[in-house]
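Residues per chain are reported as follows:
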Amino acid sequence: MHIGFRRSGGRGEYEVVGSHTGLSAMDLESWTFQLRWPDGIVRETDLWLDPGDSGKPRLRSLRSQAFQIGRQAASMLMLPEPRRNYDGTLSGLPVARHKGYVLTRLGFGPDTEFTGINDVVTIDPVFVDLDNQTDKETVGIRHRWARIEAVYASLDLLPTNVRSLVVQHRTFMASGDPVDARLGSIVRNLERALAGAIAGWVADTDPLPGLEALLGIVPLPGPSLPPPDEIGEEEPVVSARSAHEYRLAKIRGASGRKFSTEIRAAYGNRCAFCGAVYGGVASVRSGVDAAHILAWSKYDLDVVPNGISLCKLHHWAFDAALLLPYYEGSRRDIPTLRFTQLAVDNFSADTLAKLGMHKQTLRPEWFPSDPALWPSRTYLDRLYADLAIEFAA
Ligand SMILES: [Zn+2]
């Protein structure tokens, strides 16, 4: 998925293109967008996806159309200000010249998060494409940011006026404030200051190589970027299910490991759907997974009642919303297994019989001894509502 520039008559517009973990622009109507920058700061962009009336959602700024993603990303990357009208761009290299190009794409990396509870996309930005009438350039964001940080870190050799502008850029970025016209002015002033500081400097162009030249920094060659379409783009699938898969994939990092350890301990390395114990052997990696019921990223609930211990096969079946635990009766009852309509519609009865039995009551000894640690009914109900689960009859 990426944000793409669409040429429509005079001024172009940005839209959300492609899909990510099964979500497409249509699923993200009215959502707002944040950027998780390589410095770790999550910034508001004040952009939202306006459903519009043409059926094609457009990315719009809540402040002013002037603060579209192109202008924001460019000034954060210390690139000259792009144009909004492609027809007015300049042909020929270098591409990055003041109002001489359009920032036509911002690619979403695999760590982009979709938080449905408050309808926010937190973009993990990977690259931007710069485009003019004849040339195109892809800029890897992490690599470019590392170059900028190297400049931030060695300011002493810069002429005073240039240095103070770089300090202003650094200070603005460190503030975490949403990007506004001030940051673009700083970059614009840098472009101009370099003309006075470097003989033969081409005015209005990308200031970063000039700063590196003044500091004697030789940037490392950039990583070879994968083609944009291979970054975080996946075939569209049923969105609710894939959102669920996405949630489970978000188990990671230290808190994810702690969660996994606690779940495995509470269930004794046992799969709650089939009772198999695939763990507790010192030399063999555990074969049971700690599956979240509600998304870690969405609900931040790394607690045992928000998880269930499942073998690889049953984790898959749970993940794919084929076979789910369901509390049928009173509060003290153990859950039963239920196939979903999705499972019945798409898999043979023989295959489903290998997975489990519809409405089979699970055994209490497969669950934690303390019922307070059992999968939460509230969380399960919430999950089923979120995924619009239809259980088989
Ligand atoms: Zn199992």
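This one's a predicted model, so the numbers in the text were calculated from it and none came from an experiment.

The rules behind the values
- Residue indices begin from 1 for each chain and proceed along its sequence in written order.
- Restriction of local features to residues with pLDDT of at least 70 applies here, the model being predicted, together with a cutoff of 80 or more for giving and counting side-chain atom pairs; totals for whole chains, interfaces and linings are based on all residues.
- Note that water and hydrogens are dropped before the side-chain values are worked out from all heavy atoms of the structure.
- The helix count covers DSSP runs of H or I at least four residues long, the strand count covers runs of E at least two residues long, and both are numbered beginning at the N terminus.
- Here the term buried applies to any residue with accessible area under 20% of the maximum for its type, exposed to any over 50%, and partly exposed to those in between, with areas from a 1.4 Å probe on protein chains only.
- When checking whether two residues touch, look at their non-hydrogen atoms; a contact exists if any pair is within 4.5 Å.
- Throughout, the Shrake-Rupley method with a 1.4 Å probe supplies accessible areas, and for residues the shown protein chains are the sole cover considered.
- A pair is scored as a salt bridge if a Lys or Arg side-chain nitrogen falls within 4 Å of a carboxyl oxygen belonging to Asp or Glu.
- Lines fitted to C-alpha atoms define the axes, with helix axes restricted to the stretch in contact, and inter-axis angles between N-to-C directions lie between 0 and 180 degrees.
- Each angle receives one of four descriptions, namely roughly parallel if under 35 degrees, roughly antiparallel if over 145, roughly perpendicular if within 65 to 115, and oblique otherwise.
- Crossing handedness: left-handed means the near helix sits turned counterclockwise from the far one by under a right angle, and right-handed means the same turn made clockwise.
- Donors, by definition, are the N, O and S atoms found within 2.8 Å of a metal, the threshold being 3.2 Å for Na, K and Ca, and water is not counted, so a site can look incomplete.
- Residue types Ala, Val, Leu, Ile, Met, Phe, Trp, Tyr and Cys, when buried and joined through side-chain atoms within 4.5 Å, form a set referred to as a nonpolar core.
- Exposure above 30% relative accessible area and no salt bridge define the residues that can form patches, which grow by joining like charges within 9 Å and nonpolar side chains of Val, Leu, Ile, Met, Phe, Trp and Tyr within 5 Å.
- Between N or O atoms, a polar contact is any pair within 3.5 Å; within protein, one atom must be a potential hydrogen donor and the other a potential acceptor, and residues adjacent in sequence are included only when both atoms are from side chains.
- Strand pairing is assigned whenever DSSP detects at least two bridges linking the two strands.
- Note on aromatic contacts: the rings of Phe and Tyr and the six-membered ring of Trp form a pair at centre separations within 6.5 Å, being stacked when their planes are under 30 degrees apart, edge-to-face when over 60 apart, and tilted otherwise.

With respect to the overall build of the protein
Within the protein one finds 12 helices and 16 strands. The buried share of the protein, reckoned over its 393 residues, is 50%. For the protein, contacts bridging at least 24 residues in sequence account for 61% of all contacts bridging at least 6. By element, 52% of the accessible surface of the protein is carried by carbon and sulfur atoms, the whole surface being about 17,500 Å².

Overview of the pattern of salt bridges
Counting across every chain of the model gives 20 salt bridges. For Arg 182, the salt bridge identified is with Asp 180, shortest N-O distance 3.0 Å. In this structure, Asp 204 engages Arg 188 in a salt bridge whose closest nitrogen and oxygen atoms are separated by 2.9 Å. Remark: Arg 188 occurs in helix α4 (residues 181-197) and Asp 204 occurs in the loop between α4 and α5 (207-215); sequence separation between them is 16 residues. What makes Asp 204 partly exposed here is its relative accessible area of 29%. Overlapping salt bridges, with partners in common, bring together Glu 13, Glu 15, Asp 50, Arg 58 and Arg 60 in one network.

A short note on the packing of helix α2 (residues 141-152) against helix α3 (residues 160-175)
α3 packs onto α2 with a crossing angle of 120° between their chain directions and a minimal axis gap of 10 Å. The pairing of α2 with α3 is recorded here as oblique in orientation. With respect to the hand of their crossing, α2 and α3 are arranged in left-handed fashion. Contact residues: Trp 145, Val 151 and Tyr 152 in α2; Val 166, His 169, Arg 170 and Met 173 in α3.

Section: helix α9 (residues 312-319)
Inspection of α9 places His 314, His 315, Ala 317, Phe 318 and Asp 319 among the buried residues, and these make up the whole buried set. Ala 321 sits one or two positions beyond α9 and adopts a positive phi of about 60°.

Section: the coordination of the zinc ion
Bound to the zinc ion are the protein donor atoms Cys 271 (SG), Cys 274 (SG), Cys 311 (SG) and His 314 (ND1), situated 2.1 to 2.3 Å from the metal. Of note, the donors binding the zinc ion are all from one chain and are spaced C-x2-C-x36-C-x2-H. With a gap of 40 residues between them, Cys 271 in the loop between α7 (253-267) and β13 (288-292) and Cys 311 in strand β14 (residues 307-311) connect regions that are remote in the sequence. No difference in accessibility class separates Cys 271 from Cys 311, as the two residues are buried.

Structural notes on the nonpolar core
Leu 28, Phe 33, Leu 106, Val 128, Leu 130, Val 166 and Leu 211 are the most contacted members of the largest nonpolar core, which has 60 residues in total. When residues of this core are assigned to their parent elements, the largest contribution, six residues, is made by α4. Contacts of Leu 28, omitting those with residues within four sequence positions, involve Met 1, Val 16, Leu 23, Leu 49, Phe 114 and Val 121. Counting residues in hydrophobic clusters, the runner-up holds 40 residues, among them Ile 293, Ile 308, Leu 324 and Ala 343.

Looking at the environment of Leu 28
By the secondary structure assignment, Leu 28 is in the loop between β4 (23-24) and β5 (32-36). Residue Leu 28 is classed as buried on the basis of its relative accessible area of 0%. Note: C-alpha distance between Leu 28 and Leu 49 (21 residues apart in sequence) is 6.9 Å.

What about a nonpolar patch on the surface?
A cluster of nonpolar side chains, contributed by Leu 313, Trp 316 and Phe 347, occupies part of the molecular surface with about 280 Å² of accessible area. Judged by relative accessible area, which is 31%, Phe 347 ranks as partly exposed.

Notes on the side chain of Thr 340
Take Thr 340: it is sitting in the loop between β16 (336-339) and α10 (341-346). Engagement of the side chain of Thr 340 in a polar contact is seen with the backbone oxygen of Ala 321, the distance being 2.8 Å. With near-sequence residues (within four places) excluded, Thr 340 lies in contact with Ala 321, Leu 322, Leu 324, Ile 389, Glu 390, Phe 391 and Ala 392.

Notes on the pairing of β5
Summarising the sheet, β5 and strand β6 (residues 42-50) pair through five bridges and their orientation is antiparallel. By the bridge assignment for β6, Thr 32 is matched with Trp 48. In textbook terms, the turn of a hairpin is the stretch between consecutive antiparallel strands, and for β5 and β6 this stretch comprises five residues, one of which, Gly 40, has a positive phi near 90°. Here four bridges tie β5 to strand β10 (residues 120-123), and the two strands are oriented parallel to one another. Counterpart to Thr 32 in the pairing with β10 is Val 120.

Structural notes on the environment of Val 139
Tracing the chain through its elements places Val 139 in strand β12 (residues 136-140). Of the residues examined, Val 139 reaches a relative accessible area of 9% and is grouped as buried. Distance from Val 139 to Val 126, taken between C-alpha atoms, is 8.6 Å for residues 13 residues apart in sequence.

Some points on the packing of aromatic side chains
Enumeration over the complete set of coordinates arrives at 10 aromatic pairs. Judged by centre distance (5.4 Å) and plane angle (70°), the rings of Phe 5 and Tyr 14 are edge-to-face. Classification of Tyr 14 by relative accessible area gives buried; the value is 4%. Ring centres of Tyr 384 and Phe 391 lie 5.1 Å apart, and the angle between their planes is 85°; this geometry places the pair in the edge-to-face category. Taken together, the aromatic side chains of Trp 37, Trp 145 and Tyr 152 make up a single cluster linked through ring pairs.

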